[in-house]
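Structure at a glance
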Amino acid sequence: MSLSKKRRNNIVGYILLTPWLVGFVCMYLIPSGMSLFYSFTDYNLLSAPDFIGIDNYIRMFTRDEKFWQALKVTFMYVLILVPARLAFALCVAMMVNKKHKGIGVYRTLYYIPSIIGGSIAVSVVWRQLFGNGGVFMSISEALGIKQRSSLLGNPDTALLAIILLGVWQFGSSMLTFLSALKTIPNSLYESAMVDGSRPFYTFFHITIPMLTPTIFFNLILQIINGFRVFTESYVITDGGPLDGTLSYVLYMYRKAFTHFEMGYSCALAWVFVAIVAVFTVLLFWTQNRWVYYESDAK
Amino acid sequence: MNNKKTGSIRSKKKREAARFHIGAILLSFIMVYPLLWLVASSFKSNDTIFIDSYSLIPKVWDAVKNYTTGWEGIGGVPFGRFMWNSLVVTVAGTVCGVFSALLAAYAFSRIEFAFSKFWFGCVIVTLMIPSQVMVVPQFIIMEKLGITNTKLALILPWAFGSAFFIFLMVQFFRGIPRELDEAAEIDGCGKFGILFKILFPVVRPTVVTCSIFSFYWIWQDFFQPLIFMSDIREFTVPLALNMYLDPNSFNNYGGLFAMSFVSLIPIILFFIIFQKYIVEGIAMDGIKG
């Protein structure tokens, strides 16, 4: 009559897991299989997929300049944005981590961009702020800097405006740093002061090491997130000018839904997965060298 | 002498505080300026928006016209309809997604079932895979099922529980002492009873945090609607704003800015109501907003 405990656990466990399992199979497993298959085909949605072996991959690496451009743009975006945002977030967190009146208000104000930043409304604003005749242009003109084109109108600087939009959203990293700063025991700073340590030295030998787990965690999340940049380059510049802001996901999107090269787009997607995976593994691999976990120290 | 010294320390502290506040206010202004600019521009008349674009005080007010023409919508579809579509998708996606994640997290952290480690590994893998990668096959599947251009197409990708929420909730469950459920089990409480009667009140803060972020993500999602939707009557707010940007179909900057601001109002309201949860949630788990 009564089921064994093990069996009952299995039944209950799988009942609870069912929604996620359905999603995993229908939204990840089956699409992954399809996408892997399509990546070896020439497929335009209308006629049946035509198997062409690894041609898509060969084409990508040997004959597709836009692929390299998209890679370059995305790498520059991630490699500039993530360190810049983290450094800025840390500076502001240290500044706000003091006892002054009104700290809560500042913290809230600094955090607001992180909340609205992903929305298209902000991209709309950015387009105007850094576009032709925008605020940025009129201010720099008032300062006497002559410009031939707006920041967004110049292929060399357009990406910078999009990176700025990312740095502007430093609020959530700041909050993680703030809570990490609060967990650093005061005794460490006191003994450093007794030893006559200078603030500079204290920062690099106490604060930074104690923050490395937070930095590591933020790095992983933000790098994965950074690679996915799409809305900004689609709405603000549509990849232009001269593909100066053509992000990888935007290129994937165009290949699939503008040129209807579904097979090629899927091949791009798999290379993308590989790149993100390599970055993640590399970061985890370097972890032992620089991330300091308190529980390890004896 | 002594008095003088404490006095100078006090004035030094005062100067330091003043320096801090000047810096902090300056930075606040830069941070909030784009938002203020949006509000100010939504009040300006169309032909003056770009004349003194940096100014936050409109010279020629045209707020009523901007908001009414913006709200009228585009292609015969009023903006209220876009808001409604977004709201339905966001609420349904959030409720289903967070609930699915809660069930899965409970199973992973409290029940020993076959292959649970393997499945949890799968959760972590999906955490690392950018969702955009799946979008072509997802589109093809939905096309074959005939659900593109329905709200279902936008809800489904969120409805089965995001890996991130499962991960957060598992972390939280692990921090709750097992004695709590064991005691309830002795009292004859089933596994579901334990989850909803005993554990739910404890994990509620995490559930709220996840719901808030789910709300933000779905409300602002642009990529999936862009691919799954082509019928303007089913557009969500981000897609509608994207249409507003096209000068051929909607040449009205005032209306664009007005509705851009309207699209942010639910987010900002949510932020004001749940600020405590949000700040604590991020401090705890470092969710990216």
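So, how was this worked out
Residues numbered from 1 in each chain as written. Chains lettered and ligands numbered in written order. Predicted model: local features only at pLDDT ≥ 70, side-chain atom pairs only at ≥ 80, totals over all residues. Helix = DSSP H or I, 4+ residues; strand = E, 2+ residues; numbered from the N terminus. Rg over C-alpha atoms; globule rule 2.2 N^0.38 Å. Contact = placed C-beta atoms within 7 Å. Buried ≥ 20, exposed ≤ 12 C-beta atoms within 10 Å, placed from the backbone. Nonpolar A, V, L, I, M, F, W, Y, C, P; charged D, E, K, R; others polar. pLDDT = per-residue confidence, 0-100. Domains from an automatic or database assignment. Core = buried A, V, L, I, M, F, W, Y, C linked by C-beta atoms within 7 Å. Axes fitted to C-alpha atoms, helices over the stretch in contact; angles between N-to-C directions. Parallel < 35°, antiparallel > 145°, perpendicular 65-115°, else oblique. Left-handed = near helix turned anticlockwise from the far one by under 90°. Expected span 1.5 Å × (residues − 1).

**A few points about the overall build of chain A**
Counting secondary structure elements, chain A contains 13 helices and 2 strands. By the compact-globule yardstick of 19 Å for 298 residues, chain A is too spread out, its C-alpha radius of gyration being 24 Å. C-alpha atoms of chain A, sized along the principal axes, occupy 80 × 75 × 35 Å. Sequence-distant contacts, at least 24 apart, represent 67% of the contacts inside chain A between residues at least 6 apart.

**Let's talk about the overall build of chain B**
Within chain B, the regular secondary structure consists of 12 helices and 0 strands. Taking 289 residues into account, the globule formula puts the C-alpha radius of gyration at 19 Å, and chain B, at 25 Å, lies well above it. The principal-axis extent of the C-alpha atoms belonging to chain B is close to 80 × 70 × 30 Å. Going through the 289 residues of chain B one by one, you find that 44% of them count as buried. Taking the intrachain contacts of chain B between residues at least 6 apart in sequence as the baseline, contacts between residues at least 24 apart amount to 72%.

**Describing the environment of Ala184 of chain B**
By the element assignment, Ala184 of chain B lies in helix α8 (residues 179-186). When the C-alpha positions of Ala184 of chain B and Glu72 of chain B are compared, they lie 56 Å apart, and in sequence the two are 112 residues distant.

**Focus on the interface of chain B and chain A**
Interface size, as often reported, equals the accessible area lost upon joining of the parts. At the junction of the two partners, chain B supplies 66 residues and chain A supplies 69 residues. Residues that form the side of chain B that touches chain A fall into these classes: 48 nonpolar, 15 polar and 3 charged.

**As for the confidence of the model for chain B**
Model confidence for chain B is summarised by a mean pLDDT of 84, while 94% of its residues fall at 70 or above. For this predicted complex, the interface confidence comes out at an ipTM of 0.86, alongside a pTM of 0.87.

**Details of the domain arrangement of chain B**
Residue and element names in this part refer to chain B. The domains assigned to chain B are domain 1 (2-61) and domain 2 (69-285). Its C-alpha centre places domain 1 at a distance of 35 Å from the equivalent point of domain 2. Each partner contributes to the interface: domain 1 provides 8 residues, whereas domain 2 provides 7 residues. When grouped by side-chain class, the residues that make up the side of domain 1 that touches domain 2 number 3 nonpolar, 4 polar and 1 charged.

**Remarks on the nonpolar core**
Counting residues in each nonpolar core, the largest one holds 153 residues, and the members touching the most others are Ala104 and Met169 of chain B. The two domains that each donate at least three residues to this core are domain 1 (2-61) and domain 2 (69-285) of chain B. Setting aside anything within four residues of it in sequence, one finds Ala104 of chain B in contact with Leu16, Leu17 and Trp20 of chain A together with Gly161 and Ile166 of chain B.

**Focus on unusual backbone geometry**
With phi around 50°, Leu242 of chain A is a residue other than glycine that occupies positive phi space. Relative to the assigned elements, Leu242 of chain A resides in the loop between α11 (231-237) and α12 (248-257). The backbone phi angle of Phe115 of chain B is positive, close to 65°, even though this residue is not glycine. Summarising the element assignment, Phe115 of chain B is placed in the loop between α3 (79-110) and α4 (116-128).

**Details of the packing of helix α1 (residues 5-38) of chain A against α3 of chain B**
Interhelical geometry of α1 of chain A versus α3 of chain B gives an angle of 140° and a closest axis separation of 8 Å. The angle between α1 of chain A and α3 of chain B places the two elements in the oblique class. Once α1 of chain A is placed against α3 of chain B, the crossing between them reads as left-handed. Taken together, the residues of α3 of chain B that come into contact with α1 of chain A (itself represented by Gly13, Leu16, Leu17, Pro19 and Trp20 of chain A) are Ser100, Leu103, Ala104, Tyr106 and Ala107 of chain B. For the contact of α1 of chain A with α3 of chain B, the residue count by class is 8 nonpolar, 2 polar and no charged.

**Regarding helix α13 (residues 262-290) of chain A**
The terminal C-alpha atoms of α13 of chain A, which comprises 29 residues, lie 42 Å apart, in line with the 42 Å expected from a rise of 1.5 Å per residue. Listed in full, the buried residues belonging to α13 of chain A are Met262, Gly263, Tyr264, Ser265, Cys266, Ala267, Leu268, Ala269, Phe272 and Val276 of chain A.

**Observations concerning the packing of α3 of chain B against helix α7 (residues 163-174) of chain B**
All names here are of chain B. Running from N to C, α3 and α7 point in directions that differ by 45°, and their axes come no closer than 8 Å. In terms of axis orientation, α3 runs oblique to α7. Crossing hand, α3 versus α7: right-handed. Within the contact between the two elements, α3 uses Gly97, Val98, Ala101, Leu102, Ala104, Ala105, Tyr106, Phe108, Ser109 and Arg110 and α7 uses Phe165, Ile166, Met169, Val170, Phe173 and Arg174. Looking at the contact of α3 with α7 residue by residue, the classes come out as 12 nonpolar, 2 polar and 2 charged.

**What about helix α11 (residues 237-244) of chain B?**
Most of α11 of chain B sits out of view: 7 of its 8 residues are buried. The set of residues buried in α11 of chain B consists of Val237, Pro238, Leu239, Ala240, Leu241, Asn242 and Tyr244 of chain B.

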